[in-house]
Amino acid sequence: MAIHKILVTGSNGQLGWELSQAATAYPQFEFVFVDRNAMDLSNPTELGGIIELFAPDAIINTAAYTAVDKAETEKELAHTINAEAVAALAGIAKKRNIPFISFSTDYVFSGNASSPYLTDTQLNPVNYYGQTKADGEQMAIAANENTIIMRTSWVFSSHGNNFVKTMMRLMKDRDALNIVGDQRGRPTYAKDLALATIQILIAINAGAVVKGIYHYANTGETTWFKFAEKIKEFAGLECELTAITSDQFPTPAKRPSYSVLDTQKIEEELGLQIPQWEIALKQCIHQLIHS
Ligand SMILES: NC(=O)c1ccc[n+]([C@@H]2O[C@H](COP(=O)([O-])OP(=O)(O)OC[C@H]3O[C@@H](n4cnc5c(N)ncnc54)[C@H](OP(=O)(O)O)[C@@H]3O)[C@@H](O)[C@H]2O)c1
């Protein structure tokens, strides 16, 4: 059955919002966006009844508990939203025999590697948020072998809370900032991730078999410090930036020091050309300044 009606959770999040912006260019699909009020993932047992009302042909779950530091103390809620609810959605999709796409994170990995993580690299999260996302992946695939998991990293957008917007605000307010310079990763523009997600739906409608784990992040890698330097340059801001170590910036949740995702699988299987992160960042900052 071709996908027409798509239910998207987390409509107020970065990715959910970017999907809603991108959706208008794809009139072959009818997107239905739901926020936390319409569909609360902290009540997994209620999800089946709500989804039945919408009767979608596919489910995209962008909703998540994303407060990485708070997850260290709000463990039960984080696990319910990121693991139990994801498994419940996967099970519902299996019963309805419809595609299910959910998102995960580079934080499922240890951070000890020195070459990009493959989709089948062993999981070993260093914080509780990463643990909930790793559990969510495994529980969803166990509930529904056709589950599609898109791991992504360092997400930014002109909408919602993220590093780019925080940096721009702080750089305007302060003369100098210290930024962690010893964590490496791949920034991801939620707009590009939204477009890649729609490409998955198009590929499925064209007969492609898409299932299992994929990685998506913009091309190239950097550190938070170098990311901040580019934000400063593209936004035309004045602020003195100093690189510090993770030890100098303690947080409740530990961060992996190396979290570069290898995206070759999705590039090859879907024929995707992933934009470079600096180009994506420039577009996002342009959108922020001119909208
Ligand atoms: N942000 C990153 O850097 C990053 C990195 C790697 C992976 N990811 C993953 O990528 C996906 C998209 O992330 P994002 O950046 O778009 O996240 P986001 O901007 O934090 O948005 C998450 C959304 O989930 C919603 N939500 C939270 N609890 C909920 C609940 N109980 N029921 C229903 N909705 C709930 C939030 O609702 P409210 O608006 O009402 O709070 C918010 O709209 C997530 O799976 C995330 O784990 C993100």
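Heads up: the structure comes first, above all this text.
Scope of this entry: the structure provided in the associated data block. Each chain carries its own residue numbering, running from 1 in the direction its sequence is written. Only residues with pLDDT of at least 70 are given local features in this predicted model, and only at 80 or more are side-chain atom pairs given and counted; all residues enter the totals for whole chains, interfaces and linings.

The next thing to look at is unusual backbone geometry. Unlike most non-glycine residues, A55 shows phi in positive territory, near 45°. For helices the rule is a DSSP run of H or I covering at least 4 residues; for strands it is a run of E covering at least 2, with both sets numbered from the N terminus onward. If you trace the backbone, A55 turns up in the loop between α2 (47-54) and β3 (58-61). Field definition: a residue is buried when 20 or more other C-beta atoms are found within 10 Å of its C-beta, exposed when 12 or fewer are, and partly exposed for counts in between, with C-beta atoms placed from the backbone. Residue A55 is classed as exposed on the basis of its C-beta count, with 11 C-beta atoms lying within 10 Å.

What follows covers the site of the ligand. In the region of the ligand, 25 residues are neighbours, and N12, G13, A63, A64 and V155 sit closest. Every element with two or more residues in the shell around the ligand is listed here: α1 (14-23) and β4 (100-105). Amino acids are sorted into nonpolar (Ala, Val, Leu, Ile, Met, Phe, Trp, Tyr, Cys and Pro), charged (Asp, Glu, Lys and Arg) and polar (every other residue, Gly among them). A class-by-class count of the residues in the shell around the ligand yields 10 nonpolar, 12 polar and three charged. By convention here, the C-beta atom is placed from the backbone, and a residue is near a molecule or strand when that atom is within 6 Å of it.

Glancing now at α1. Every buried residue of α1 is listed here: Q14, L15, G16, W17, E18 and L19. Each residue is represented by a C-beta atom placed from its backbone, and any two residues with such atoms within 7 Å are regarded as in contact. Structurally, α1 contributes buried residues whose contacts are with β1 (5-9), β2 (30-34), β3, β4, β6 (155-156) and α6 (190-205).

Further remarks concern the packing of α1 against α6. Working convention: axes come from line fits to C-alpha atoms, limited for helices to the stretch in contact. Angles between N-to-C directions cover 0 to 180 degrees. Axis separation between α1 and α6 bottoms out at 8 Å; the angle between their running directions is 65°. Classified by chirality, the crossing of α6 by α1 is right-handed. Contact with α1, carried on its side by Q14, L15, E18, L19 and A22, involves A190, K191, L193, A194, L195, T197 and I198 of α6 and no other residues of that element. The class makeup of the residues in the contact of α1 with α6 is eight nonpolar, two polar and two charged. The sense of a crossing depends on the near helix, which, turned anticlockwise from the far helix by less than a right angle, makes the crossing left-handed and, turned clockwise, makes it right-handed.

Without other data, these values stay purely geometric and don't point to any function.
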